[in-house]
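# Summary of the model geometry
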Amino acid sequence: MLRSVLLYLSEQKRLQNFVLGSKFARKRSRRFVAGETLDEAIGAVRGLNARGMDVTLDHLGECVESEDQADKATDDYIRILDRLAAESGVEATISIKPTQIGLAIDRDLCLKNMRRLAESASAQGNFVRMDMEASCYVDSTLSVFYELSDEFKNIGAVIQSYLRRSEDDVRELSRRGAPVRLCKGAYKEPAQLAFQKKQEIDDSYVKLLEILMDSDAPVGIATHDDLMIDAGKRLIRARPDRKAHVEFQMLYGIRRDMQARLVEERYGMRVYVPYGTEWYPYFMRRMAERPANLFFALRAMGGK
Ligand code: FDA
């Protein structure tokens, strides 16, 4: 119930403007967001790299409403790729939201922009992950991904274990040898499309992970859940030849203890580092995952 309310609030523009204006909320968001500028994000990347962790950078923003905005978001990401290439000793890939580069306007606009990003990343020896958004975008996101994946090997997809359709998608992606990040899924979805109970979502996660581990493709085990992490370790132990192609992935600021422990245990560990001024929907989804954090959000909304 609380999760549904928070996910609903995450989409409210007026509340967004109010919260973005609150100094307290901005300070609170820093637990999950590396800063508002690329310089701050690069600083966070350096710190994580020094602790043996890889990074994927997310320039926050979603669902643009015009072609110009989509092109601009793409240009911004190309500048990030250029900056990453120019900085010595900084290792980070990028993660993009398809609606940020035009998917909600026109699938072909997203395709055009995603191609620009894949080309730019390829020239820099870098990698672009297409985040997965709400279920209405899954078909179009995968169709853009499939169209480009024959041409570019430096792009990856995301699968959400809460979606009932995901087993078919994982089998298709595995057949193509596509890099997949597996997560549980962060949006509010109806019961006909998505499992609602934690046990069902977890069972689906393990089943999908087994399929991915049986393929030859790189796998990102994106979770903070001990049960999923243990399942990942068990599957890696059963297939030691896959260890170099599998990494755990966690969000910036969440379970930092576990992130460090996985590095100590010599597993690949990638941290998803969001930054930028448009942190509100991202921040609210993190609240929805752990309502204990709500206390801070409510104080923030009160502007204290
Ligand atoms: P679950 O939510 O069951 O949490 C397990 C435990 O982790 C909790 O008991 C708590 O201890 C800890 N935890 C989880 N969330 C926390 C929080 N916010 N604050 C503090 N502790 C917390 N989703 C999506 O739909 N599309 C995408 O592209 C991505 N991409 C993505 C990348 C990466 C690297 C990660 C880690 C996650 C995503 N997600 C995502 C989000 C994902 O779908 C999911 O919503 C969150 O990871 C929470 O699910 P968990 O697997 O962590 O388990």
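Now for a quick tour of the structure.

Once that is clear, we can look at the site of the ligand. Taken together, 25 residues form the shell around the ligand, and within it Met132, Gly185, Thr223, His224 and Glu289 come nearest. Within the side chain of arginine 181, an N or O atom sits 3.1 Å from a nitrogen atom of the ligand. A distance of 2.6 Å is found between an oxygen atom of the ligand and a backbone nitrogen or oxygen belonging to glycine 185. The protein chains hide 85% of the 930 Å² of surface that the ligand would expose on its own. Sorting the residues of the shell around the ligand by element identifies strand S4 (155–160), strand S5 (180–183), strand S7 (246–251) and helix H12 (280–289) as the ones contributing at least two each. Here the shell around the ligand gets three residues from one element, more than from any other, and that element is S7.

There is a patch of like positive charges on the surface, built from Lys27, Arg28, Arg31, Arg51, Arg256 and Arg290. Turning to its location among the elements, arginine 51 is positioned in the loop between helix H4 (38–50) and strand S1 (54–59).

Judged by how many residues are buried, S1 sits mostly within the fold: five of six residues are covered. In the sheet, S1 pairs with strand S8 (residues 268–275) via six bridges, with the strands oriented parallel. Bridging from a neighbouring strand, valine 55 pairs with valine 271 of S8. Pairing geometry for S1 and strand S2 (residues 93–96), over three bridges, is parallel. Bridge pairing links aspartate 58 to serine 95 in S2. As for the winding sense of the linkage, the β-α-β connection from S1 through helix H5 (residues 67–86) to S2 is right-handed.

Below, the discussion takes up the sheet that holds S7. Taking strand neighbours around the barrel as the criterion, the eight strands line up as S1-S2-S3-S4-S5-S6-S7-S8 in a closed arrangement whose pairing is parallel. This sheet shows a mean twist of 25° between the axes of neighbouring strands, independent of strand direction. Note that S2 and strand S3 (residues 128–130) share three bridges and pair parallel. Bridged to isoleucine 94 within S3 is valine 128.

Within the secondary structure, glutamate 91 sits in the loop between H5 and S2. When the C-alpha positions of glutamate 91 and asparagine 49 are compared, they lie 6.8 Å apart, and in sequence the two are 42 residues distant.

On to H4. An ideal rise of 1.5 Å per residue puts 18 Å on 13 residues; H4 measures up with 18 Å between its terminal C-alpha atoms. Within H4, burial applies to Leu38, Ala41, Ile42, Ala44, Val45, Leu48 and Asn49. Burial along H4 is one-sided: seen end-on, the buried residues are contained in an arc of 160°. Those residues of H4 that are exposed and aimed more than 90 degrees away from the buried face are Asp39 and Ala50. Positive phi shows up at glycine 52, right after H4, with a value of about 85°.

Moving on, we come to the nonpolar core. Counting residues in each nonpolar core, the largest one holds 80 residues, and the members touching the most others are Leu57, Ile96, Met114 and Leu173. Leaving out residues up to four positions away in the same chain, leucine 57 has contacts with Leu38, Ala41, Val45, Tyr77, Ile80, Leu84, Ala92, Thr93, Ile94, Ser95, Val273 and Tyr275. Within the second largest apolar cluster, 16 residues are counted, among which are Leu7, Phe32, Ile254 and Phe283.

Oppositely charged side chains can form a pair if their charged atoms are brought close together. Tallying each qualifying case throughout the model produces 30 salt bridges. Among the salt bridges present, the one from arginine 175 reaches glutamate 172, with a minimum N-O distance of 2.7 Å. Pair noted here: arginine 175 and glutamate 172 are both in helix H8 (residues 166–175), with a separation of three residues, about one helical turn. When its relative accessible area of 23% is taken as the criterion, glutamate 172 is described as partly exposed. With a closest N to O distance of 2.9 Å, aspartate 241 and arginine 239 form a salt bridge. Each of the salt bridges in this network shares a partner with another, and the network as a whole consists of Asp39, Arg46, Arg83 and Glu87.

The rules behind each value
Residues numbered from 1 in each chain as written. Predicted model: local features only at pLDDT ≥ 70, side-chain atom pairs only at ≥ 80, totals over all residues. Heavy atoms only, no water. Near = heavy atom within 4 Å. Polar contact = N/O pair within 3.5 Å; in protein donor to acceptor, adjacent residues only side chain to side chain. Areas by Shrake-Rupley, 256 points an atom, 1.4 Å probe, with all protein chains shown as cover. Helix = DSSP H or I, 4+ residues; strand = E, 2+ residues; numbered from the N terminus. Patch = residues over 30% accessible without salt bridge, like charges linked within 9 Å, V, L, I, M, F, W, Y side chains within 5 Å. Salt bridge = Lys/Arg side-chain N within 4 Å of Asp/Glu carboxyl O. Lys, Arg positive; Asp, Glu negative; His and termini not counted. Charge placed at Lys NZ, Arg CZ, Asp CG, Glu CD. Buried < 20%, exposed > 50% of the residue type's maximum accessible area, 1.4 Å probe, protein only. Pairing = 2+ DSSP bridges. Right-handed = clockwise from strand over helix to strand, strands pointing away. Axes fitted to C-alpha atoms, helices over the stretch in contact; angles between N-to-C directions. Expected span 1.5 Å × (residues − 1). Arc of directions from axis to C-beta. Core = buried A, V, L, I, M, F, W, Y, C linked by side-chain atoms within 4.5 Å. Contact = heavy atoms within 4.5 Å.

By themselves, these figures tell us nothing about what the structure is for.
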